[in-house]
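# Tertiary structure, described
What follows is the residue order along each chain.
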Amino acid sequence: MLLPIWSSETTAAELLLPKEQVKAGRTLFLKNCAKCHGKDASGGSAPDIQGMILQDVVESVRGVEAMPEIALSEMDAKNIAVFLMSLSPDQARLRLGIN
């Protein structure tokens, strides 16, 4: 399975989101995050997180403000990030500093 990691040097064309990771991330998201962030991550009782990148996910699951800490493996965090990026690729590119 591919584990994409993006840096500020990643071009828009390189922002590939493998379907198997999007699917795995969606499953994990629905199990761990959808209750508060909504099934499409657009918000609910918690903020809209569409387009979040790996760094955002890793920092958030440590527990911030009203969000509880969630124990995720590195692979699970990456898959959730890929799913969130797939929901708003333009927002993800902005977070990565990609034009």
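Placed above this text is the structure.
Quick caveat: nothing in here was measured; it's all calculated off a predicted structure. (Residues numbered from 1 in each chain as written. Predicted model: local features only at pLDDT ≥ 70, side-chain atom pairs only at ≥ 80, totals over all residues. Heavy atoms only, no water.)

On to the overall build of the chain. On a plain count of helices and strands, the chain comes out with five helices and zero strands. For the chain, the α and β elements follow one another from N to C terminus as α-α-α-α-α. For the chain, the residues scored as buried account for 38% of the 99 residues in total. Looking at the chain alone, contacts between residues at least 24 apart form 59% of all its contacts between residues at least 6 apart. (Helix = DSSP H or I, 4+ residues; strand = E, 2+ residues; numbered from the N terminus. Buried < 20%, exposed > 50% of the residue type's maximum accessible area, 1.4 Å probe, protein only. Contact = heavy atoms within 4.5 Å.)

All right, on to the environment of Asn32 then. Relative to the helices and strands, Asn32 is located in helix H1 (residues 19–32). Its relative accessible area of 29% is what places Asn32 among the partly exposed residues. Between the alpha carbons of Asn32 and Ile80 there is a distance of 9.8 Å; along the sequence they are 48 residues apart. Sequence-distant contacts of Asn32, that is, excluding residues within four places in its chain, are made with Ile70 and Leu72.

The next point concerns the layout of surface pockets. Volume-wise, the largest pocket comes out at about 470 Å³. Elements that contribute at least two residues to the lining of the largest pocket include exactly helix H2 (34–37), helix H3 (54–60) and helix H4 (74–87). For the lining of the largest pocket, the leading source of residues is H2, giving three residues. Of the residues in the lining of the largest pocket, the class split is 16 nonpolar, four polar and four charged. (1 Å grid on protein atoms, 1.4 Å probe; cavity = no way out; pocket = protein on both sides within 12 Å on 5 of 7 lines; lining within 4 Å. Points joined across faces, edges and corners; volume = space filled by probe spheres on them. Nonpolar A, V, L, I, M, F, W, Y, C, P; charged D, E, K, R; others polar.)

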